[in-house]
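Each chain is listed here by its residues.
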Amino acid sequence: MRYLTFALAKGRLAEQTMELFESAGYPCEQMKEKSRKLIFVNEDLKLKFFLAKASDVPTYVEYGAADIGVVGKDTILEERRNLYEVLNLGFGSCRMAVAGPIDSKEKLNKSCNLRVATKYPNIASDYFYHKKKQTVEIIKLNGSVELAPIVGLSEVIVDIVETGSTLKENGLVVLEEICPISARMVVNRVSMKMQYERITKLIEAVKEKLG
Ligand code: PRP
């Protein structure tokens, strides 16, 4: 039997995923030891797990370097990879929103030279160009996006809101909701066909634990 390979977004998401997988009968003892290792196996069940940067998880799965991935819906929407999204795991839940100073609300509905700063240029363009049919300038940033409207780089941002405290502490508010976000399981298209029974069994076992 060959290894079934999993790409997990490193950090809290991977930890929650392994708790869930263990309860569903897919544990990995090696992963519990504190180390800087990136690849872990369960020899008995022929499972291989690796930790990747979240935005790279869809890439590993699309190319088949991993059969299965666990990553946030935000990353799936942004990366636009060719994958099967098979399961909503529920955790890591937050929302994608347009945010800014309260007085940007008016500009948001009429301004034609609105600047939008974001780590998610594809999600922002889908939302403004396709859904709202509004022309805006999208400015790609790599983090601490809340800075942009404060220092005058943009009028608004498109970003993840979890507790809302980052916005609040920086005098910003949610202006428009884009979509809910949570962790998803994704599967490589060829693996889904070639390992159908094994993968379906895993999905069912995990589903049962989700209730
Ligand atoms: C994320 C997001 C917000 C914050 C939202 O940032 O981009 O800044 O968390 O969480 P809250 O609503 O609970 O305050 P992250 O910590 O990933 O850092 P980054 O923006 O620098 O990438």
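Model, not experiment: these values are computed from the prediction.

About the criteria used
Residues numbered from 1 in each chain as written. Predicted model: local features only at pLDDT ≥ 70, side-chain atom pairs only at ≥ 80, totals over all residues. Heavy atoms only, no water. Near = heavy atom within 4 Å. Polar contact = N/O pair within 3.5 Å; in protein donor to acceptor, adjacent residues only side chain to side chain. Areas by Shrake-Rupley, 256 points an atom, 1.4 Å probe, with all protein chains shown as cover. Helix = DSSP H or I, 4+ residues; strand = E, 2+ residues; numbered from the N terminus. Nonpolar A, V, L, I, M, F, W, Y, C, P; charged D, E, K, R; others polar. Domains from an automatic or database assignment. Buried area = accessible area lost by both parts, 1.4 Å probe. Salt bridge = Lys/Arg side-chain N within 4 Å of Asp/Glu carboxyl O.

1. As for the site of the ligand
For the ligand, the full set of nearby residues is Lys119, Gly143, Ser144, Glu146, Asp159, Ile160, Val161, Glu162, Thr163, Gly164, Ser165 and Thr166. Contact between the ligand and aspartate 159: an oxygen atom at 2.7 Å from a side-chain N or O atom of the residue. One of the side-chain N or O atoms of serine 165 is found 3.5 Å from an oxygen atom in the ligand. Contact with the protein chains covers 66% of the free accessible surface of the ligand, which is 500 Å². The leading source of residues in the shell around the ligand is strand E9 (residues 156-161), at three residues. In the shell around the ligand, the residues fall into two nonpolar, six polar and four charged.

2. Observations concerning the domain arrangement of the protein chain
One can read the domain layout of the protein chain as domain 1 (4-92 + 182-210) and domain 2 (94-181). Summed over both partners, the interface of domain 1 with domain 2 comes to about 810 Å²; 48% of that surface belongs to carbon and sulfur atoms. If you look at where domain 1 meets domain 2, you find one salt bridge. Between arginine 80 and aspartate 126 there is a salt bridge, with its nearest N and O atoms 3.0 Å apart. Remark: the boundary between domain 1 and domain 2 carries five residue pairs in polar contact (both at pLDDT 80 or more). At four residues, helix H3 (residues 73-79) tops the list of elements feeding residues into the side of domain 1 that touches domain 2.

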